[in-house]
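What the coordinates show
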Amino acid sequence: MKRPIVLLAGLALLATACGGTTRSDVAAQQSAAPPASSAPAAADPNAPIKPGLKIAFLPKQVNNPYFTIADRDGVAAAKEFGGEGKEVGPSEASASSQVSYINTLIQQRQDAIVISANDPNAVVPALKQAMAAGIKVVSYDSDTAPDGRNVFVNQASAEDLGRTQVQLLAEQIGHKGKIAVLSATPNATNQNTWIEFMKDELTKPEYKDMELVKVAYGNDDDQKSFTETQGLLRSYPDLAGIISPTTVGIAAAARYLSDSDFKGKVKLTGLGTPNQLRAFVKDGTIEGFELWNPGDLGYLAGWAAAALASGQITGAAGEKFKAGKLGEYTVGAGGEVLLGKPTVFNAGNIDDFDF
Amino acid sequence: MRANRWETLVVALLAAVTLAATFGVDGFANGSNVGFLFLDVTEIALMALTMTLVIVAAEIDLSVASTLGLCCAVLGSLWNAGLPIEAIMPICLLTGALAGALNGVLVTRLGLPSLAVTIGTFALYRGLAYVILGDQAVADLPPAYTSLATQAIGPIPLATLLVAVLAIGAGIVLHRTGLGRAIVALGSNEEAAYFAGIRVKRIKFWLFVASGAMAGLASLVFTFRYASARADNGIGLELAVVAAVLLGGVSIFGGRGTLPGVIAAVLLLAVVRNALILADVANEVLNFVTGLLLVASVLAPNLKVRLERKPVP
């Protein structure tokens, strides 16, 4: 009975000794391989949108309010250009079940698939099959590896997110006073990039009376973010405002402020979702915060899919297409289409959003 | 082995659903769809083979999908460390076997119920997978292997041939050998089997090892098929595996069940799912239909027993 185990161990040793396929072999092979020279068909920017295009939206999971809004507006976009849109997808956010759906979409001969990938790599083999079958692929919200799609509709650039949060807070505090940042973890890549852009924005002359006194870290933990906010206000009682570029941080900070004497006096802004912060906007703790509008994201992705399927664009940088009410967009480097500046949510518009 | 009416019913149902889908659902009876349908159930089918033996022996292994995840994490981290893939593959099988052995020791040596043990190791192995690989994804796997995992001869994927060979092996073990008869015997009455000279603990221990090793094998297919090794690979698959085994007519109380029944059930669930998705049926309805089939599978043998009892007195 112990023989199979010895055999397996022996096999492992043998393969190591004889030198099988290792990671560096694969890297070497791939760099040696000639770059794919598939000259894409030339784009015709004036091609009309084909009638009756079938566009399928495949979110990370269905019944997720964020994607429900994105896909609803995506389907609405399809209706606008005379196509037929639908949302399909797994009820649990897993890559393997997304692959099952990609296969069925191939069988249904959809014209385009709009996907938010649960695993950027695992869906690529299936998406390549789809593209081989003539189906155009647009990724939105969460990109796939670049060879798995034609175009990625990016919800927001790091630079826009960083700079607009400073602009938003500056308006609320009259461009004057001490400010602090409540971030996620010290090594969170997204947050650190945004904070760099915030610091850069603050060097502009209009912010000369504003001073960033501290970057605190709540580790994206509700309790820790709560106590860090408390600590900030104890150390800097004259703080004018806080930026929290994380949904966990901003909610915890809002909870602390709303029950403290600082409510309404210390301004709080950052990235959050309307459902999570609605109560704090209504009770005056938060004047305004921002995030991209998921509906616009789905809408733009729908139009990008139509532009691809109609031959208006191929995914190469510099190509332009029209996206209904959102206007004209240009494909950027790496096949990326940028949605634009984030949307600001405040007492005036927050009830229009449910996610 | 008396003719099992439930298994016959599952096979008939499979035939009926397949026939209905062929004529009623656009794109179903298409070479590439059939190939994909087979490919898509590879891991579930593999793990269902050993799960059948485990459940017939009146035990259960709920840690299989976590073991799969653990093996994927081991594969990913060793690949990152520069080991050749040919060495990593046996190590993955070994990791799976070790994970199964731990289950086996806890169940047979300490006499703990396998339901409780494997719920514990379900969390333990998945947790360990995250400790090993974190939330990284290892995707730069050798194309020779990733393409092998999705290759097909005609509409039949190579992975399906692997399943077929192992299914025949497991079927022979369960239905044609002394070991198989011993498994059935100890599943229906452990004490009687023990007094009849069957090495109950030893057999059970090795069944858990086999189940773990099979999860290791499934982890290889999974990783290559999706070209992505992650700690969360195969999350939730254990329920699909147990569901298929029970639908296949294996008694949850042990002692009864056939491999052909389980294979038919794996295919039935896959065909129903595939056809409903192709027909644009919403996911909620899909889960509802699958659930209905499962409840029926647990209920039907029970009803049968009640109905058969009636005329006796």
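See above for the structure.
**What to know about the overall build of chain B**
Looking only at helices and strands, one finds 14 helices and 4 strands in chain B. With the principal axes as the frame, chain B shows a C-alpha extent of 70 × 55 × 35 Å.

**Some remarks on the packing of helix H5 (residues 85-108) of chain B against helix H11 (residues 200-226) of chain B**
Residue and element names in this part refer to chain B. Where H5 meets H11, the axes come as close as 7 Å, and the angle between the chain directions of the two elements is 145°. The crossing of H5 and H11 is right-handed. A class-by-class count of the residues in the contact of H5 with H11 yields 15 nonpolar, 10 polar and 2 charged.

**Comments concerning the interface of chain A and chain B**
Where interface size is given, it is often the accessible area lost as the parts come together that is meant. Contacts between chain A and chain B engage 38 residues on the former and 36 residues on the latter. Secondary structure elements with two or more residues in the side of chain A that touches chain B: helix H1 (3-18), helix H2 (23-32), helix H4 (95-107) and helix H5 (124-132) of chain A. Of the residues that constitute the side of chain A that touches chain B, the class distribution is 18 nonpolar, 16 polar and 4 charged.

**Focus on H5(B)**
Compared with the 34 Å implied by 1.5 Å per residue over 24 residues, the 34 Å span of H5(B) between its first and last C-alpha is a close match. With respect to burial, H5(B) is a largely interior element, 18 of its 24 residues being buried.

**Digging into the nonpolar core**
Among the nonpolar cores identified, the biggest contains 205 residues, and Val114(A), Ala304(A), Ala244(B) and Val266(B) are the most heavily contacted of them. In terms of domain composition, this core takes at least three residues from each of domain 1 (54-156 + 294-340) and domain 2 (158-291) of chain A. With sequence-adjacent residues up to four places away left out, Val114(A) is seen in contact with Ile55(A), Ala56(A), Phe57(A), Leu58(A), Gly74(A), Val138(A), Tyr140(A), Ala301(A), Gly302(A) and Ala305(A).

About the criteria used
Residues numbered from 1 in each chain as written. Chains lettered and ligands numbered in written order. Predicted model: local features only at pLDDT ≥ 70, side-chain atom pairs only at ≥ 80, totals over all residues. Helix = DSSP H or I, 4+ residues; strand = E, 2+ residues; numbered from the N terminus. Axes fitted to C-alpha atoms, helices over the stretch in contact; angles between N-to-C directions. Left-handed = near helix turned anticlockwise from the far one by under 90°. Nonpolar A, V, L, I, M, F, W, Y, C, P; charged D, E, K, R; others polar. Contact = placed C-beta atoms within 7 Å. Expected span 1.5 Å × (residues − 1). Buried ≥ 20, exposed ≤ 12 C-beta atoms within 10 Å, placed from the backbone. Core = buried A, V, L, I, M, F, W, Y, C linked by C-beta atoms within 7 Å. Domains from an automatic or database assignment.

Shape descriptors only; they carry no functional weight alone.
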